[in-house]
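Examining the three-dimensional arrangement
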Amino acid sequence: MNLGFSARIDGAQIICDIGSDTALAAPVLCFSLLAAPRVIDGGVLQRRLAGYGEVVLPDIAAGQIHRLVLAYDHPDYSPKNRAWLPLGAYLRVGKTAHPLPAGFDLGVHLASMPAAAPLPAQTLPLIPPPQNWQGSGGALAFAALRPDPAFVGADALARRMGLAPLTAPDGYDARPVIDPALPAEGYVLTIMPAGLTITAGGAAGAHYAAITLLTLREATRGQLPCGTITDAPRFGWRGQHLDCARHFFSVDFILRLLDVMALLKLNRFHWHFADDEAFRLELHSYPDLASKTALRGEGHLMPGVFGGGISAGGSYSRADVARVLAHAAALHIQVLPEIEIPAHSHALIKAIPGLRDPGDNGEEMSVQGYLDNIVNPAMPSTWDVLPAIMDEVSSLFPMPILHLGCDEAPHGAWEGSPAVHALMAREGLDTWADVQGWMMEILAARLAARGIRAAAWEEAAKGKNGGIGHGALLFSWTGQGPGVAAARAGYDVVMCPAPHTYFDLAHSADADDWGARWAGVLPLDNTLSWDPAPDGSPDIAPRVLGVQGCFWGEFTTADTQAEAMIAPRIFGLACKAWERQGVTTPAQLRAVIPYYAPLFAAMNWALGPL
Ligand code: ACM
């Protein structure tokens, strides 16, 4: 059987053409959109879950092309670009699922990369730019350093990239001198015509000196300019997040992302492996969690939401976690695990019974269109399940921080739950936010008692008693305002404002582009046009621990699609993470990125538009 499928945007509508060389009786088109679909013409919607839909089509005769017209159900949503077209579409005929072609171009726009042009004197081809560079004239012909434990991570990175090794027995002797007076991640690299010296505040600083040398060696074809780089990051938290719940990213992709981060001196990987669609970490305490939710599609607990298609997904074993941790540690990157509660927990609730109030008649719907995605804090099982998951996850990761999620509780959460109403009366709670704050506070206290700091998205500060408390670290994502407010309320914050750091946003407003649009579009320039500790709020600066890029996977159907979304925008993030405010301009960033193009080519990592 040969099946054809195409999809395109026509104003607010999506035109799908389905054809077959064989007669099909009552075929069902299964697909997903970014949010709930509606049928305008050509079929009958028989099932919907979040953005997933199943549409019964009329019989299709051999050689006939049937037209189905879809739209987004929400009156404010219309398809903005190709990422908003049906993903993972397939046809079910009788009991058999038949794959369909993608139906449109799934590619992300790539950079048209200008040649690297000579940079102004005083500008080194380095991202992030070093804090200080004093050129002294002349050059050092440089190939390698003599091996030292401090250079192992950078050398391994060079070898993985297929570049010349960074260390060799006949390399320059530049064993780092540790100077505790320098910041732990800081270093001073002096390049002289006859050799070089490295002084560092600690092992991380020496590693960053080696990354700088590797980058300069490649950019200058081994002719390092002489002078002194005095360098240290502005922020201790220089993060990148990856949503591995909506799309299962392979461990190999995660390792490659860690390499990209390392090249740009980022040091925190935020691993988002649980969400409404899946809980991908294999746990001993609840093995069903991963085994029941890792795959989605035909015959699975979860249908093909967010591009799942007939069957897609995977889970991470303990051995996978160990691989990620070892790779990260060698690159001075710490890994922050996240479990998502109380909302974004549809998969958790489906896989483990007892987390919803059976008497709950509420109709609250999550932003992604789930009717049951919030764990109920008035259920006894909740207090067995969540602590067990928290304990096991935190025991697998050396970082003494566990991210508990806590974003986007649906409007009207728990209103229909008699058990929550009883809880509110008992605990003197007035609103859903109070209930959430009460719940998060208990969970954070439990972590604190075990020496683990809670982290959460900005919403965790809500509630009449100040929300999660307990020294939690909050991630300000809708903008910087909630982070500023949380900092003023005494929380430490990481700034990841979507309009500047969400790399799943489209690069442009072009209908032929690719990406989310809820927070506008994110051209490269916008990654620089903000200050993590905003003007007018110097009082909160000490509470801003750093910045983070996020990549959400709702419309990613192949790992490689994420590459050109993440880069080059991650270059702007690296500047914000490392340098003092307002140093690098978009023009300067654009001038340096071409020097990195060969490095990204060596990593086989595509670059999106400049
Ligand atoms: C988020 O983007 N919902 C944290």
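Here, the structure is the one placed above.
Below you will find a few notes about this structure. Keep in mind that what you see is a predicted model, and the values were worked out from it rather than measured.

Sheet architecture is open: 5 strands sit in the order S10-S14-S12-S13-S11, paired in mixed fashion. Looking at which strands have only one partner, the edges of the open sheet turn out to be strand S10 (132-141) and strand S11 (177-178). Across the sheet, helix H2 (residues 203-219) touches strand S12 (187-192), strand S13 (195-200) and strand S14 (223-231), and the angle it forms with S12 is around 40°.

So, about the packing of aromatic side chains. Think of a pair of aromatic rings as described by two things: how far the centres are apart, and how the planes are tilted against each other in angle. Summed over the entire model, instances satisfying the criterion amount to 25 aromatic pairs. Taking the centre distance of 5.9 Å and the plane angle of 70° together, the rings of Phe273 and Phe279 count as edge-to-face. Of the two residues, Phe273 and Phe279, both sit in the buried class. Taken together, Trp237, Trp457, Phe475, Trp477, Tyr502, Trp518 and Trp552 form an aromatic cluster joined through their ring pairs. One residue, Lys265, lies across the ring of Trp578, its end atom 5.7 Å from the ring centre.

Regions of empty space are outlined by a rolling probe, equal in size to a water molecule, passed over the atoms. Reported here for the largest pocket is a volume of approximately 590 Å³. Along its surface, the largest pocket is lined by 23 residues, and Val367, Gln368, Glu408, Trp518 and Glu554 are the ones closest to its centre. Counted by class, the lining of the largest pocket contains 13 nonpolar, 2 polar and 8 charged residues. One number sums up the size of the second largest pocket: a volume of about 420 Å³. In terms of lining residues, the second largest pocket is bounded by 21 residues, among which Pro125, Ala219, Thr220, Arg221 and Tyr595 are the most central. For the lining of the second largest pocket, the secondary structure elements donating two or more residues are S10, H2, S14 and helix H14 (586-602). For the lining of the second largest pocket, the element with the most residues is H14, which contributes 4 residues.

Among the residues of helix H10 (residues 481-488), those classed as buried are Gly483, Val484, Ala486 and Ala487. Summarising the axial view, the buried residues of H10 lie within an arc of 165°, below the 170-degree limit, and thus occupy one face. Residues of H10 that are buried sit in contact with strand S24 (473-476) and strand S25 (492-495). Just beyond H10, the residue with positive phi is Gly490, at close to 105°.

Turning our eyes to something else, we now look at helix H3 (residues 251-263). The first and last C-alpha atoms of H3 sit 19 Å apart over 13 residues, in line with the 18 Å expected at 1.5 Å per residue. For H3, the buried fraction is high: 11 of the 13 residues fall into the buried class. A positive backbone phi angle near 65° is found at Lys265, which sits one or two residues after H3.

This brings us to the pairing of strand S15 (residues 237-243). Here S15 lies mainly inside the structure; 7 of its 7 residues are buried. In S15, alternate side chains face the same way, and those of Trp237, Gly239, His241 and Asp243 on one face and Arg238, Gln240 and Leu242 on the other are all buried. Relative to strand S26 (residues 544-549), S15 runs parallel, the two being bridged by 4 bridges. By the bridge assignment, Gly239 is partnered in S26 with Gln548. Summarising the sheet, S15 and strand S16 (residues 268-272) pair through 5 bridges and their orientation is parallel. Looking at S16, one finds that Gln240 is bridged to Phe269. The handedness of the S15 to S16 crossover, carried by H3, is right-handed.

This brings us to the nonpolar core. Residues Phe269, Trp271, Leu404, Ile468 and Ile570 are the most contacted members of the largest nonpolar core, which totals 197 residues. With 10 residues, the next largest nonpolar core counts Val28, Leu49, Met302 and Val305 among its residues.

Here we come to the environment of Pro377. Note on placement: Pro377 falls in the loop between helix H6 (346-351) and helix H7 (380-396). A C-alpha to C-alpha distance of 9.1 Å links Pro377 and Asp357, two positions 20 residues apart in sequence. Beyond its immediate chain neighbours, meaning those up to four positions away, Pro377 contacts Thr382, Trp383, Trp414, Val420, Leu423, Val435, Trp438 and Met439.

The rules behind each value
- Residue numbers run consecutively from 1 along every chain, following the written order of its sequence.
- Residues qualify for local features only when their pLDDT is at least 70, as the model is predicted, and side-chain atom pairs are given and counted only at 80 or more; totals for whole chains, interfaces and linings, by contrast, use all residues.
- Excluded from the side-chain calculations are hydrogens and water; all other atoms, namely the structure's heavy atoms, are used.
- Pairs of strands are assigned from DSSP output, requiring at least two bridges between the strands.
- Elements are defined by DSSP. Helices are runs of H or I of four residues or more, strands are runs of E of two residues or more, and each kind is numbered from the N terminus.
- The contact criterion used throughout is that any non-hydrogen atoms of two residues lie within 4.5 Å.
- Geometry is summarised by axes, namely lines fitted to C-alpha atoms with helices restricted to the contacting stretch, and by angles between N-to-C directions that run from 0 to 180 degrees.
- Any pair of Phe, Tyr and Trp rings, taking the six-membered ring for Trp, is counted once the centres come within 6.5 Å. Such a pair is stacked with planes under 30 degrees apart, edge-to-face with planes over 60 apart, and tilted for the rest.
- For the exposure calls, accessible area comes from a 1.4 Å probe over protein chains only, and a residue counts as buried if that area is under 20% of its type's maximum, exposed if over 50%, partly exposed in between.
- Comment: the charge-over-ring label is applied if NZ (Lys) or CZ (Arg) is within 6 Å of the ring centre and within 35 degrees of the ring normal.
- Lining residues are defined by having an atom within 4 Å of a point belonging to a cavity or pocket. Those points lie on a 1 Å grid over the protein atoms alone, cavities being sets where a 1.4 Å probe fits but cannot get out and pockets being open sets with protein on both sides within 12 Å along at least five of seven lines.
- Grid points are joined across faces, edges and corners, and a volume is the space filled by probe spheres set on the points.
- Each residue gets one of three labels, nonpolar for Ala, Val, Leu, Ile, Met, Phe, Trp, Tyr, Cys and Pro, charged for Asp, Glu, Lys and Arg, and polar for the others, Gly among them.
- Directions pointing from the helix axis toward each C-beta atom define the arc.
- Under the convention used throughout, the expected extent of a helix is 1.5 Å for every residue step, that is, one less than its residue count.
- Handedness of a crossover is defined as follows: with both strands directed away from the viewer, a clockwise route from the first strand across the helix to the second makes it right-handed.
- Buried Ala, Val, Leu, Ile, Met, Phe, Trp, Tyr and Cys residues form a nonpolar core when they are joined through side-chain atoms within 4.5 Å.

So far we have only geometry, and geometry alone does not tell us how the molecule works.
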